[in-house]
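# Architecture and fold: a report
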Amino acid sequence: MARGKSPAQSPKKAQSPGVQKKKAVNFGKSPNAQSPGAASPSGGALVSPLIKNVEVEEEPLPEQPALFIPTASPTLLIEQSPYHEFLRDFGMSYNFPERLPKCIICVSARWVSDTDQVKVMSNPYPQTVHDFFGFADCLYAVEYAAQCPSEHSAKVAESLEAFAIPWEFDGVRGYDFGCWSPLALIFPGAEIPVVQVSLAKSKDSIFHSRLGRALGELRDEGYLLLCT
């Protein structure tokens, strides 16, 4: 109900059940906009049968790529280079709502589990780890404030289970330099969730190939796979 108006002046508008607000960039369209002439059934007004009986099907998510890129030096963030420009341009090519990934799965060579199990990040608000030394002070002030929602961690774990990959959640780990450094250039707004996944120290290349296939299964569900 609009503030300061009586119920007779402004009928209450109800949102469709099951629709949740998402934190996303608004590209010129209100997320709460309704079709012209369509009134909410809970407001007591009549709804056109042409609108009432229409079932809207969601567009299938585009298959996301699997990327394997070098991490490079921490100075990549502050020094111009062809690689710096490449990562910037690649991120710009994603600046469309229909192309943005639902989540980013990052496998960094800087995170290697010391057990037979693959670690899956489950900390919803990971810290930015500055795992390097001897560089400019400004690089140690960089904070990549992406989030790691539990539903995405669980989705990754489910895919690992399907491929018989031993795994466990890690609720302490933060984003290491191999993860946040390239992402700070590709998606500088840190608005896309990121789940980091470790390698397993005691496992061979055959095991890690299976790990790649397990994570790759999520690409057609909107998960971008980033390996550095």
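What you see is a predicted model; the values in this text were computed from it and never measured.

So, on to the overall build of the protein chain. Within the protein chain, the regular secondary structure consists of five helices and six strands. For the protein chain, the sequential pattern of α-helices and β-strands runs α-β-α-β-β-α-β-α-β-α-β. Relative to its full complement of 228 residues, the protein chain shows a buried share of 36%. For the protein chain, the proportion of contacts with a sequence separation of at least 24, taken over those separated by at least 6, is 80%. Here the protein chain displays about 14200 Å² of accessible surface, and carbon together with sulfur accounts for 55% of that area.

The next thing to look at is the pairing of strand β2 (residues 103-113). The buried fraction of β2 amounts to eight of the 11 residues, a majority that puts the element mostly inside the structure. Bridge count between β2 and strand β6 (residues 223-227): five bridges; the pairing is parallel. Across the sheet, the residue bridging to Cys103 is Tyr223, located in β6. Relative to strand β5 (residues 194-200), β2 is paired through six bridges, and the arrangement is parallel. Counted as the bridge partner of Ile105 is Val195 from β5.

Orientation of helix α2 (residues 82-92) relative to helix α4 (residues 177-186), taken along the N-to-C sense of each, is 65°, at an axis distance of 7 Å. For the pair formed by α2 and α4, the contact residues are His84, Leu87, Arg88, Phe90 and Gly91 on the first element and Pro182, Leu185 and Ile186 on the second. Of the residues assigned to the contact of α2 with α4, the class counts are five nonpolar, two polar and one charged.

When the terminal C-alpha atoms of helix α3 (residues 150-162) are compared, their 18 Å separation across 13 residues agrees well with the 18 Å that a helix rising 1.5 Å per residue should span. Inspection of α3 places His152, Ser153, Val156, Ala157, Ser159 and Leu160 among the buried residues, and these make up the whole buried set. Angularly, the buried residues of α3 cover 160° about the axis, an arc narrow enough to put them on a single face. Turned more than 90 degrees from where α3 packs its buried face, Ser150, Glu151, Glu158, Glu161 and Ala162 sit exposed. On its buried face, α3 is in contact with β2, β3 (118-121), β4 (167-170), β5, α5 (205-216) and β6. Of the residues trailing α3, Ala164 is marked for its positive phi of about 55°.

Two strands pair when backbone bridges link them, and β3 and β4 are joined in this way by four bridges, in the parallel orientation. Bridge pairing links Lys119 to Glu168 in β4. In this fold, β3 hands off to α3, which returns the chain to β4; that crossover is right-handed.

Before going further, it helps to spend a moment on the environment of Ala190. Along the chain, the position of Ala190 falls in the loop between α4 and β5. Taking the C-alpha atoms as reference points, Ala190 and Ala146, separated by 44 residues in sequence, lie 4.7 Å from one another. The residues touching Ala190, leaving out its near neighbours within four places in the chain, are Tyr144, Ala145 and Ala146.

Per the stated rule, a full pass over the model turns up five salt bridges. Close ionic contact of Arg110 with Asp131 constitutes a salt bridge, the shortest N to O distance being 2.9 Å. With Arg110 in strand β2 and Asp131 in the loop between β3 and α3, this pair connects stretches of sequence that are 21 residues apart. According to the relative accessible area criterion, Arg110 is partly exposed, its value standing at 40%. Of the charged contacts, one joins Asp176 and Arg173 as a salt bridge, the two residues approaching to 2.8 Å between their closest N and O atoms.

About the cut-offs
- Residues numbered from 1 in each chain as written.
- Predicted model: local features only at pLDDT ≥ 70, side-chain atom pairs only at ≥ 80, totals over all residues.
- Heavy atoms only, no water.
- Helix = DSSP H or I, 4+ residues; strand = E, 2+ residues; numbered from the N terminus.
- Buried < 20%, exposed > 50% of the residue type's maximum accessible area, 1.4 Å probe, protein only.
- Contact = heavy atoms within 4.5 Å.
- Areas by Shrake-Rupley, 256 points an atom, 1.4 Å probe, with all protein chains shown as cover.
- Pairing = 2+ DSSP bridges.
- Axes fitted to C-alpha atoms, helices over the stretch in contact; angles between N-to-C directions.
- Nonpolar A, V, L, I, M, F, W, Y, C, P; charged D, E, K, R; others polar.
- Expected span 1.5 Å × (residues − 1).
- Arc of directions from axis to C-beta.
- Right-handed = clockwise from strand over helix to strand, strands pointing away.
- Salt bridge = Lys/Arg side-chain N within 4 Å of Asp/Glu carboxyl O.

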